[in-house]
Amino acid sequence: MQQTELLDEPISTESGIQGIPKRRRRPRWLLIIVAVAFITLFAWAPWVVFYTDWLWFKDLGYQTVFSTMLMTKVALGFTAGTLAAAFTWLDFRLALRLSHEPADVQEAGEEAGWEAGRETDSKAASRSFVINGQRIPAPDFAWLVGRLALPAALAIGLYAGLLAWGAWDIWLRYRYQSPFGEADPIFGRDIAFYFFTLPALEALTSLLFTLALITLIGTAAIYMVRGAARVAMREPMLGSDTFGKLRQFAVGRGPRAHLLILVAVMFLPLAGQAYLGIPNLLFSTSGPMAGASYTDINATLPLLYAQVGVTVLVAVLAAASLLRSKSGLLWVGLGLYLLTLIGGLLYPAIVQRFSVGPNELVKETPYIIHNIAATRKAFGLDQVEERELPGETALTAQDIRENQGTINNIRLWDQQPLLDTFSQIQEIRTYYDFKSVDNDRYRIDGKLRQVMLSARELSSASLPNRNWINEQLTFTHGFGMTLGPVNQVTLEGLPVLFVKDIPPVSSAPALKVDRPEIYFGELSNDRVYVKTKAKEFNYPAGDENVFASFTGEGGVAIGSTWRQLLFAARFRDLKLLLSNDLTPESRVLYHRNIRERLNQVAPFLSFDGDPYLVISEGRLFWIADAYTVSDRYPYSQPVGSGVNYIRNSVKAVVDAYHGHVRLYIADERDPLIQTWARIFPGVLKPLSEMPADLRAHLRYPEDIFKIQTAVYSTYHMDQPQVFYNKEDQWSVVSMVEKQGESESQVMEPYYTIMRLPSERTEEFLLLLPFTPKRKDNLAAWMVARADGEHYGRLLVYRFPKQKLIYGPRQIVARINQDPEISRQLSLWNQRGSQVIFGALLVIPIKESLIYVQALYLRAETGKIPEFKRVIVAAENRIAMEPTIEASLARIFGNEPSAAEDLAQTSQQIPRQASRVAETPAEQSAADAQSLAAQARQHYDRALQAQREGDWTRYGEEIKRLGVAIEQISKQR
């Protein structure tokens, strides 16, 4: 009755329409359940990732890359998978049909009555087993195999599809290949065949052979399980049990024909693989160098041709056996094939040992020539310009004065001490971090100045309160940068800064930063949501923080509920659905780490490990170098992980605020980058479209230079006999022993601004010296030019072999042996301080060179390294002084012209340099003024040390004050 009353109650209506119940608002917990179910259901769905990736690529304007890659993968995977599954299923189905009647089995031997009856009689017993005295029927494997045939074929098709899916780049390179215009020295094929066609043929033959082999094994298994093929036992003809029972394989006519066809099919791609082994000889490593050697050409090559013929013969004999009741010819063919395999192992070894070994140099000379030419070409070393230096010119103060631009840009700050200093004086807040220090150059006040800079990025891991709102909505970006000259130091031993603080304060118009926010950088590796209701932290200002909103063009829109569901599923981020801070204009920024971002945009390129930040028209940009690499250049010597070809073909630019990515072709002669440009039209732009202000900051990358110097240390020898004997091999890098330690470190290439011998102006260079193998003296040095029309040119300056030119290790040993330097170092180390040695730099000046090494001091309880001394070594002279001009003055004498020029670039007091005096009186006055300024500095520092109770530093400054006073007296 109560139920009736309830049903009879009038139903509330909405909008006056009778009979339609009013909707009740769903409880929030129900929405949460639905959201969790959605995320659980779709988080692993590939289409969610594909679709959101498509949105990301579309936002950047690189949808061509995404669609081309995806469509190629799908087409290859579907085609290969479908054909493989169809081929396998048809074979399995045919095997099931032909094995339907087990009675069709016939013996393969000569006698027709070999205990088949006993086999048939015992069949039932063999298909059962006894448990506790009861015979239990065994599973019907024949029925089970029939059920598993289709799933097995589909699994094989899926495997083949995945293999083809992963070969998308091989197919595209083959289809859109660009010719090299160069032929290999043995077969006369264009090098493009080895880069593009050969990998595609290898992938195809490997897939076909694998498919044929798996199908053959699966088909044979079906026949065996279903009884259409079996191994039987019979008594030996002698009738003796001594030899036991003989095994014989029996198979029906239909299954036999089927298996023979599959054997023939399997040997055809095997013949193709043997044929492809012929061009692959050009990558052989069996000889004294990479590439085909005498043994490969005269012993292995004929055997490969024979192997191809025998393999085809086996396929023909397998097909011909269909017409015969016996398979004797097939077994003969298989024996010949096995014989060629064994011969391929033995015969080349015999030729190498007894023919090549006693006369290796004579026989290998033509192939060594091929290897040298190919290796130099593949690593871009064929255009290296070599120049000879006499090594007999002694530097003078006049030489120092004439190369003042080089002296002005000698780097006194090493990267790690400078990074530690930046972290202490410019991070401002704990959540900011400096990832690395980069080298670049800017034209300041009309002069080219080398600088070191570092981006101030946000580290979400260092936030004092880590939660979803702070990490995804509030703290979204870094702010500004720190930049300073490489050669200036403050009175406190800290770097001089041209750009510093928050907001950035710039001391030169060329370094002004109007858009300091860094949303994309080396540390940015987590997603953030921008253009939301939440305020974005911009930078700290006193007791209050300054907030701002992202106004950039980057990011994927997530304003709609559908987009929020998609990205909540992708990131498994339920809070994204529950947040009330999103607006219709909200966007998500992800793949914000520039390396990750570039790898997503251009997975066909390899990127340099050191991208660097550039100021251009008040904005911040990241420049990263990209390479095309391969292991397919014939006769080229592989290095590292097998790479034997490399080009710095692309310069990538990433906007630190908007996230825009631009790829510019830097080497249009590279056939690999030409091929990729044809695959992805419009993605790679010509370098002429890069803004001129950014082009002025392009530099030769370190990674490729390291590889080139490592290769050139051996391949500068272009004479076969010298190369074979390694008579003039250089060390890949110079080894520098750390002072006070037994371990050694590798000298890294370094950037510097200097004037090359015979050149008129200074330029930005990357430099690395060489020493002879297992020797310490200097043999040569290589530079990579980076400015203007000279960009990318490699020069090598060689010293004469008959004259000793001190190398880095020898200079370090002499520094350690210097009594004054050793005494000072011991004094510092005993006072609770740590002495830090900077990198030892080789600075070429005219046709000679000087060595420069900076020293830093860090207190035991402190974290800031302070610049203390600079060591300068030239020939047999060494000096350690607080400034580079003082060290140079001690070595080359305090000549008026030299002293006056050195005073212009005092590393201790940043100031504007005066012009060179034209008269001796003016020069003398300038010298006296400079020395007086230095004396005043030492006096002020001594007073400060006295007030602080630092009597060690007080004594040092008094000593320097005495030296300065003595020099002033000599000037009078």
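Everything below is about the structure printed above this text.
Residues numbered from 1 in each chain as written. Predicted model: local features only at pLDDT ≥ 70, side-chain atom pairs only at ≥ 80, totals over all residues. Heavy atoms only, no water.

Trainee: So what's going on with the overall build of the protein chain? Which residues, and what values?
Mentor: A count of helices and strands for the protein chain gives 30 helices and 37 strands. Classification of the 972 residues of the protein chain by burial places 51% in the buried group. Within the protein chain, contacts between residues at least 6 apart in sequence are counted, and of these 65% link residues at least 24 apart. Here the protein chain has roughly 46500 Å² of accessible surface; of this, 55% comes from carbon and sulfur atoms. (Helix = DSSP H or I, 4+ residues; strand = E, 2+ residues; numbered from the N terminus. Buried < 20%, exposed > 50% of the residue type's maximum accessible area, 1.4 Å probe, protein only. Contact = heavy atoms within 4.5 Å. Areas by Shrake-Rupley, 256 points an atom, 1.4 Å probe, with all protein chains shown as cover.)

Trainee: Break down the sheet that holds strand β19 (residues 556-557) for me, with residues and values.
Mentor: Spatial ordering of the open sheet is given by β16-β20-β19, a layout of three strands whose pairing is antiparallel. Across the chains shown, the open sheet's two edge strands, defined by having one partner strand only, are β16 (528-530) and β19. For β19 and strand β20 (residues 587-589), the ladder comprises two bridges, and the chain directions are antiparallel. Counterpart to valine 556 in the pairing with β20 is valine 588. (Pairing = 2+ DSSP bridges.)

Trainee: Got a sec to walk through empty space enclosed by the protein? Specific residues and values, please.
Mentor: Summed over the entire model, instances satisfying the criterion amount to four cavities of 30 Å³ or more. Space inside the largest cavity adds up to approximately 50 Å³. Arg411, Leu412, Trp413, Asp414, Gly838, Ala839, Leu841, Val852, Gln853, Ala854 and Tyr856 together form the lining of the largest cavity. In terms of residue count, strand β35 (residues 848-859) provides more of the lining of the largest cavity than any other element does, four residues in total. (1 Å grid on protein atoms, 1.4 Å probe; cavity = no way out; pocket = protein on both sides within 12 Å on 5 of 7 lines; lining within 4 Å. Points joined across faces, edges and corners; volume = space filled by probe spheres on them.)

Trainee: Can you explain the layout of surface pockets? Please cite residues and give values.
Mentor: Its volume calculated, the largest pocket comes out at about 1300 Å³. Lining the largest pocket are 50 residues, and of these Arg785, His790, Tyr791, Gly792 and Arg793 lie nearest its centre. Broken down by secondary-structure element, the contributors of at least two residues to the lining of the largest pocket are β9 (438-444), β24 (645-655), α22 (692-695), α23 (702-715) and β32 (794-798). Looking at the lining of the largest pocket element by element, the count peaks at four residues for β24. Residue composition of the lining of the largest pocket, grouped by class: 21 nonpolar, nine polar and 20 charged. (Nonpolar A, V, L, I, M, F, W, Y, C, P; charged D, E, K, R; others polar.)

Trainee: Now, about the pattern of salt bridges: what can you tell me, with residues and values included?
Mentor: In this structure the tally under the stated criterion is 36 salt bridges. Here arginine 173 makes a salt bridge to aspartate 169, at a shortest N to O gap of 3.3 Å. Remark: aspartate 169 and arginine 173 occur in helix α8 (residues 168-175); sequence separation between them is four residues, near one turn of the helix. Of the charged contacts, one joins glutamate 875 and arginine 877 as a salt bridge, the two residues approaching to 3.9 Å between their closest N and O atoms. (Salt bridge = Lys/Arg side-chain N within 4 Å of Asp/Glu carboxyl O.)

Trainee: Quick one: what's the story with the environment of alanine 933, residue by residue and with numbers?
Mentor: With respect to the helices, strands and loops of the structure, alanine 933 is situated in helix α29 (residues 920-948). In the structure, alanine 933 is positioned 31 residues away from alanine 964 in sequence and 9.4 Å away in space, judged by C-alpha atoms.

Trainee: Now, about the packing of helix α10 (residues 253-276) against helix α11 (residues 294-320): what can you tell me, with residues and values included?
Mentor: The interhelical angle for the contact between α10 and α11, taken along N-to-C directions, is 165 degrees, at an axis separation of 8 Å. For the element pair α10 / α11, the angle class is roughly antiparallel. Viewed along their axes, α10 and α11 form a crossing whose handedness is left-handed. Of the residues in α11, those touching α10 at Leu260, Val263, Ala264, Phe267, Leu268, Leu270, Ala271, Ala274 and Tyr275 are Leu304, Gln307, Val308, Thr311, Val312, Val314, Ala315, Ala318 and Ala319. Within the contact of α10 with α11, the residues separate by chemical class into 16 nonpolar, two polar and no charged. (Axes fitted to C-alpha atoms, helices over the stretch in contact; angles between N-to-C directions. Parallel < 35°, antiparallel > 145°, perpendicular 65-115°, else oblique. Left-handed = near helix turned anticlockwise from the far one by under 90°.)

Trainee: Explain the packing of aromatic side chains residue by residue, including any values.
Mentor: On inspection of all chains with the given rule, the structure shows 44 aromatic pairs. For the pair phenylalanine 604 and tryptophan 676, a centre-to-centre distance of 4.7 Å together with 20 degrees between the ring planes defines the contact as stacked. Here tryptophan 676 lies in helix α21 (residues 671-679) and phenylalanine 604 lies in the loop between α20 (594-601) and β21 (606-607), a separation of 72 residues in the sequence. For the pair phenylalanine 604 and tryptophan 676, a shared accessibility class is recorded, and that class is buried. The structure contains a cluster of three or more aromatic residues connected by ring pairs, namely Trp54, Trp56, Phe57, Phe66, Phe567, Phe571 and Tyr590. Positioned above the aromatic ring of tyrosine 612, the side-chain terminus of arginine 699 is 4.0 Å from the ring centre. (Phe/Tyr/Trp six-rings, centres within 6.5 Å; stacked < 30°, edge-to-face > 60°. Lys NZ or Arg CZ within 6 Å of the ring centre and 35° of its normal.)

Trainee: Go over the nonpolar core, please, and point to the residues and values.
Mentor: Ranked by size, the top nonpolar core spans 118 residues in total, and within it Trp781, Ile850, Val852 and Phe892 carry the most contacts. With sequence-adjacent residues up to four places away left out, phenylalanine 892 is seen in contact with Leu395, Thr396, Ala397, Ile400, Ile850, Ala874 and Arg877. With 79 residues, the next largest nonpolar core counts Trp168, Tyr442, Phe567 and Ala652 among its residues. (Core = buried A, V, L, I, M, F, W, Y, C linked by side-chain atoms within 4.5 Å.)

Trainee: Run through the sheet that holds strand β29 (residues 750-754), naming residues and quoting values.
Mentor: Spatially, β7-β32-β31-β30-β29 is the arrangement adopted by the five strands of the open sheet, whose pairing is mixed. Strand pairing shows two members of the sheet lacking a second neighbour, β7 (385-388) and β29, which therefore form its edges. The sheet shows a mean angle of 30 degrees between the axes of neighbouring strands, direction not considered. Pairing of strand β31 (residues 780-785) with β32 involves five bridges; the strand directions are antiparallel. Within the sheet, the bridge partner assigned to tryptophan 781 lies in β32 and is tyrosine 797. On the sheet, α23 packs against β7, β29, β30 (763-770), β31 and β32 and is oriented at approximately 40 degrees with respect to β30.

Trainee: Explain helix α13 (residues 360-378) residue by residue, including any values.
Mentor: Its 19 residues give α13 an end-to-end C-alpha distance of 25 Å, which sits within 8% of 27 Å, the value for a rise of 1.5 Å per residue. Taking the largest bend as the criterion, α13 deviates by roughly 45 degrees, centred on proline 366. Every buried residue of α13 is accounted for by Glu360, Glu364, Tyr367, Ile368, Asn371, Ile372, Ala374, Thr375, Arg376 and Ala378. Elements in contact with the buried residues of α13: α11, α12 (328-356), β24, α23 and α24 (720-725). (Expected span 1.5 Å × (residues − 1). Bend = angle between axes of the 7 residues up to and from the residue.)

Trainee: Residues and numbers for the environment of methionine 452, please.
Mentor: Mapped onto the elements, methionine 452 comes out in strand β10 (residues 447-458). Among the residues examined, methionine 452 registers a relative accessible area of 1% and is labelled buried. Contacts of methionine 452, omitting those with residues within four sequence positions, involve Arg411, Trp413, Gln415, Leu418, Phe422, Val437, Asp438, Asn439, Thr482, Leu483, Gly484 and Val486.

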